Amino acid sequence: MPPTYLYGKERALKNIFKKLENVQKIFLFLDYDGTLVPIRKLPALAVISPETRKLLRQLSEQKKITLVISTGRAHADINRLLGLKNLTIVSNHGFQIHYKGKTWVHPKVNKMLPLLNELSRKLNVLGKSINSVLVENKKYTVTVHYRNVPVDQINVVKNLVASMSEKYFPFVKITYGKKVLEIRPNIVWNKGLAVQKVLRTFHAQKKKYSAVYMGDDTTDEDAFKVLGRNSLTVKVGSSKKTLAKYFVRNTDEVLQFLKIIVNGNYQWNSDG
Ligand SMILES: [Mg+2]
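Residues numbered from 1 in each chain as written. Predicted model: local features only at pLDDT ≥ 70, side-chain atom pairs only at ≥ 80, totals over all residues. Heavy atoms only, no water.

Things to note about the domain arrangement of the protein chain
Domain annotation of the protein chain identifies domain 1 (4-106 + 189-262) and domain 2 (109-185). Here the C-alpha centre of domain 2 lies 26 Å away from the C-alpha centre of domain 1. Contacts between the two partners involve 20 residues from domain 1 and, on the opposite side, 16 residues from domain 2. With both chains or domains summed, domain 1 and domain 2 bury close to 1,500 Å², and 54% of this area falls on carbon and sulfur atoms. The shortest N-O distance in the salt bridge between Asp 216 and Lys 178 comes to 2.8 Å. (Domains from an automatic or database assignment. Contact = heavy atoms within 4.5 Å. Buried area = accessible area lost by both parts, 1.4 Å probe. Salt bridge = Lys/Arg side-chain N within 4 Å of Asp/Glu carboxyl O.)

This is the structure in structure tokens:
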């Protein structure tokens, strides 16, 4: 089923807020790039606005809400960008989870560090030789950004990355995102399984709760899949190819939603 526009029908939206009002706990999962911040040419330029940061801080301070940032970025990177304390952060596509001052790393991934480092070094050389390619070593995963590569050379870059990584198969695999290639440990783990782990860690099932997940990329689909019907899954962007139940058009419409729940009055006002 294609997703429904979140702001399409006032009555449906009122029901959504009513449901959120009636639960004891809201687990609010938010992706970063393309969800809270528009995608930029270079990942370093995707800086959060003071307004959005304030909104996140207010959300994180609400007892009823457990705010979880779910990103493909490295932990240190997202932590620096957000500049907020006491957040739960799922980073590196779920391989790392930071919560209540603790850090969890997928146990199988730690063992693969030497191999990942070696591959990362090789890919770095590639990045240095082709100006428009940006290689990001995120410790547990490596991201190759090709957003700035001329269109006729994209396949060349993709093939080069594939052939360089081949030696490390089946220990690593390549996944494809928005203008990026991700080289990551070839284990069954993703944002969706990380979301389930967060819910278990916080004993979500002990309370009447609702999970909300907003994200824009293919990696967020794993979360939409595990959360299913009883949750509010929202794809950011107009692509109809999603498992999310709803969509919003852009990051502004994400913020619009967050502003309504930050006030805690769960009212949808069609004028505002
Ligand atoms: Mg994203």
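Next comes the rest of the write-up.
Here's the deal with the pairing of strand 8 (residues 142-145)
Side chains of strand 8 alternate between two faces, with Val 142 and Val 144 and Thr 143 and His 145 buried alike. As judged from the four bridges shared by strand 7 (residues 134-137) and strand 8, these two strands associate in the antiparallel manner. Opposite Asn 137, over in strand 8, you have Val 142 as the bridge partner. In this sheet, strand 10 (residues 180-185) lies alongside strand 8 in antiparallel orientation, the contact comprising four bridges. By the bridge assignment for strand 10, Thr 143 is matched with Glu 182. (Buried < 20%, exposed > 50% of the residue type's maximum accessible area, 1.4 Å probe, protein only. Helix = DSSP H or I, 4+ residues; strand = E, 2+ residues; numbered from the N terminus. Pairing = 2+ DSSP bridges.)

Considering the nonpolar core
One recurring pattern in soluble globular proteins: nonpolar side chains tend to sit buried together. Counting residues in each nonpolar core, the largest one holds 43 residues, and the members touching the most others are Leu 28, Leu 36, Leu 56, Phe 257 and Leu 258. The element that contributes the greatest number of residues to this core is helix 9 (residues 251-262), accounting for seven residues. Counting residues in hydrophobic clusters, the runner-up holds 26 residues, among them Val 90, Phe 95, Trp 189 and Phe 224. (Core = buried A, V, L, I, M, F, W, Y, C linked by side-chain atoms within 4.5 Å.)

A closer look at the pattern of salt bridges
The tally for this structure, following the rule as stated, stands at 13 salt bridges. For the salt bridge of Asp 33 with Arg 73, the shortest nitrogen-to-oxygen distance reads 2.7 Å. On the criterion of sequence distance, the pair formed by Asp 33 in the loop between strand 2 (25-30) and helix 2 (50-61) and Arg 73 in the loop between strand 3 (65-70) and helix 3 (75-82) is long-range, its members being 40 residues apart. One salt bridge in this structure joins Arg 249 and Glu 253, with 2.8 Å as the shortest N-O distance.

Quick look at the packing of aromatic side chains
Tallied over the entire structure, the rule returns nine aromatic pairs. Ring geometry for Phe 17 versus Phe 257: centroids 5.5 Å apart, planes at 25°, classification stacked. One end of the pair, Phe 17, is in helix 1 (residues 10-22); the other, Phe 257, is in helix 9, and 240 residues separate them in sequence. For the residue pair Phe 17 and Phe 257, the accessibility class agrees, reading buried in each case. Taken together, the ring pairs in this structure connect Phe 27, Tyr 99, Phe 202 and Tyr 209 into an aromatic cluster. Over the aromatic face of Phe 247 sits the side chain of Lys 240, whose NZ or CZ is 4.5 Å from the ring centroid. (Phe/Tyr/Trp six-rings, centres within 6.5 Å; stacked < 30°, edge-to-face > 60°. Lys NZ or Arg CZ within 6 Å of the ring centre and 35° of its normal.)

Some details on the sheet that holds strand 13 (residues 246-248)
Strand pairing in a sheet relies on backbone hydrogen bonds, with the paired strands running either antiparallel or parallel. What the nine strands build is an open sheet, ordered 1-13-12-11-2-3-4-5-6; its pairing is mixed. Of all the strands in the sheet, the pair left with one neighbour each is strand 1 (4-5) and strand 6 (102-105). Where strand 5 (residues 96-99) lies against strand 6, four bridges are found, and the strand directions are antiparallel. Bridging across to strand 6, Ile 97 finds its partner in Trp 104.

Digging into the packing of helix 2 against helix 9
Where helix 2 meets helix 9, the closest approach of the two axes is 10 Å, and the angle between their N-to-C directions is 40°. Taken together, helix 2 and helix 9 sit at an angle that is classed as oblique. The crossing of helix 2 and helix 9 is left-handed. Listed contacts from helix 9 to Glu 51, Thr 52, Leu 55, Gln 58 and Leu 59 of helix 2 are Leu 255, Leu 258, Lys 259, Ile 261 and Val 262. The class makeup of the residues in the contact of helix 2 with helix 9 is six nonpolar, two polar and two charged. (Axes fitted to C-alpha atoms, helices over the stretch in contact; angles between N-to-C directions. Parallel < 35°, antiparallel > 145°, perpendicular 65-115°, else oblique. Left-handed = near helix turned anticlockwise from the far one by under 90°. Nonpolar A, V, L, I, M, F, W, Y, C, P; charged D, E, K, R; others polar.)

Focus on the sheet that holds strand 7
The strand order 7-8-10-9 describes an open sheet built from four strands, whose pairing is antiparallel. One side of each edge strand has no neighbouring strand; the edge strands of this open sheet are strand 7 and strand 9 (172-177). Ignoring strand direction, the axes of neighbouring strands in this sheet form an average angle of 20°. In the packing of helix 5 (residues 113-129) onto the sheet, the strands contacted are strand 7, strand 8, strand 9 and strand 10, and the crossing angle to strand 7 comes to about 160°.

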